[in-house]
Amino acid sequence: MVEKTIILYAKQWSMTDEETGELRRGTSLWYVPQDMRPVIAMEDELLGQQPAKVSEDFEFYNTLIQAGGCPVAADFDWVLRTRQNKKVTVLNSVKITGPVKAEVVKEVVKNG
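The text that follows walks through the structure, step by step, so that each part is easy to find. (Residues numbered from 1 in each chain as written. Predicted model: local features only at pLDDT ≥ 70, side-chain atom pairs only at ≥ 80, totals over all residues. Heavy atoms only, no water.)

The next point concerns the sheet that holds strand 2 (residues 23-33). Here we have five strands laid out as an open sheet, ordered 3-2-1-4-5, and antiparallel in their pairing. Edge strands, defined here as strands with exactly one partner in the open sheet, are strand 3 (52-56) and strand 5 (86-99). Strand-to-strand, the axes of this sheet are offset by a mean angle of 40°, without reference to chain direction. Sheet analysis places strand 1 (residues 2-16) next to strand 2, joined by eleven bridges and oriented antiparallel. Bridge pairing in strand 2 links Lys-11 to Ser-28. (Pairing = 2+ DSSP bridges. Helix = DSSP H or I, 4+ residues; strand = E, 2+ residues; numbered from the N terminus. Axes fitted to C-alpha atoms, helices over the stretch in contact; angles between N-to-C directions.)

In this section: the pairing of strand 4 (residues 72-83). Strand residues, when the strand is regular, have side chains that alternate between the two faces of the sheet. Bridge analysis of strand 1 against strand 4 gives six bridges, and the strand direction is antiparallel. Residue Glu-3 lies in a different strand from strand 4, and its bridge partner there is Phe-76. Of the strand pairs in this sheet, strand 4 and strand 5 are connected by twelve bridges, and their pairing is antiparallel. Residue pairing across strands places Ala-74 opposite Ile-96, the latter belonging to strand 5.

Moving on, we come to the packing of aromatic side chains. Counting across every chain of the model gives four aromatic pairs. On the numbers, 4.5 Å between centres and 10° between planes, the contact of Tyr-9 with Trp-30 is stacked. Within this pair, whereas Tyr-9 is found in strand 1, its partner Trp-30 is found in strand 2, the two being separated by 21 residues in sequence. Look at Trp-30 and you get buried, because its relative accessible area is 17%. Among the aromatic residues, those joined into a ring-pair cluster are Tyr-31, Phe-76 and Trp-78. (Phe/Tyr/Trp six-rings, centres within 6.5 Å; stacked < 30°, edge-to-face > 60°. Buried < 20%, exposed > 50% of the residue type's maximum accessible area, 1.4 Å probe, protein only.)

Time to look at unusual backbone geometry. Looking along the chain, the bond that leaves Cys-70 and enters Pro-71 is cis, with omega of 0°. Along the chain, Pro-71 falls in the loop between helix 2 (60-66) and strand 4. Even without being glycine, Gln-84 reaches a positive phi, approximately 50°. The topology assignment puts Gln-84 in the loop between strand 4 and strand 5. Judged by relative accessible area, Gln-84 falls into the exposed class, the value being 79%. One non-glycine residue, Asn-85, lies in the positive phi region at around 60°. When its relative accessible area of 78% is taken as the criterion, Asn-85 is described as exposed.

All chains considered together, the criterion is met by four salt bridges. Here Asp-17 ties to Arg-24 by a salt bridge, and the two come within 3.2 Å at their closest N and O atoms. Overall, Arg-24 belongs to the partly exposed group, its relative accessible area being 36%. A salt bridge links Glu-59 to Arg-25, with the nearest nitrogen and oxygen atoms 3.8 Å apart. Of this pair, Glu-59 sits in the loop between strand 3 and helix 2 while Arg-25 sits in strand 2; the two residues are 34 residues apart in sequence, bridging distant segments of the chain. (Salt bridge = Lys/Arg side-chain N within 4 Å of Asp/Glu carboxyl O.)

So this is what it looks like as structure tokens:
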């Protein structure tokens, strides 16, 4: 399943696994859906859109730099996997689709 998103910001991280001693590294991505109108239009206690967070490879940070930084439009490809006998949705790939255009932001605000 492909989800059109806006990556708001990214941060590289590294840590040592306390149990195995293995060095783990990645890039955290904070994102929102490109079409935020349904969320903004909700009439409960929610106001605006809280970014979600997902991890990508450590080197993906360089891909973002080459794309001109953040925010940036991207397609997230999600797949269903089985982990510990439970079905979970995981990020399969990220495709940068272009810069975030001011017109998109204006349209969301106007129709929100």
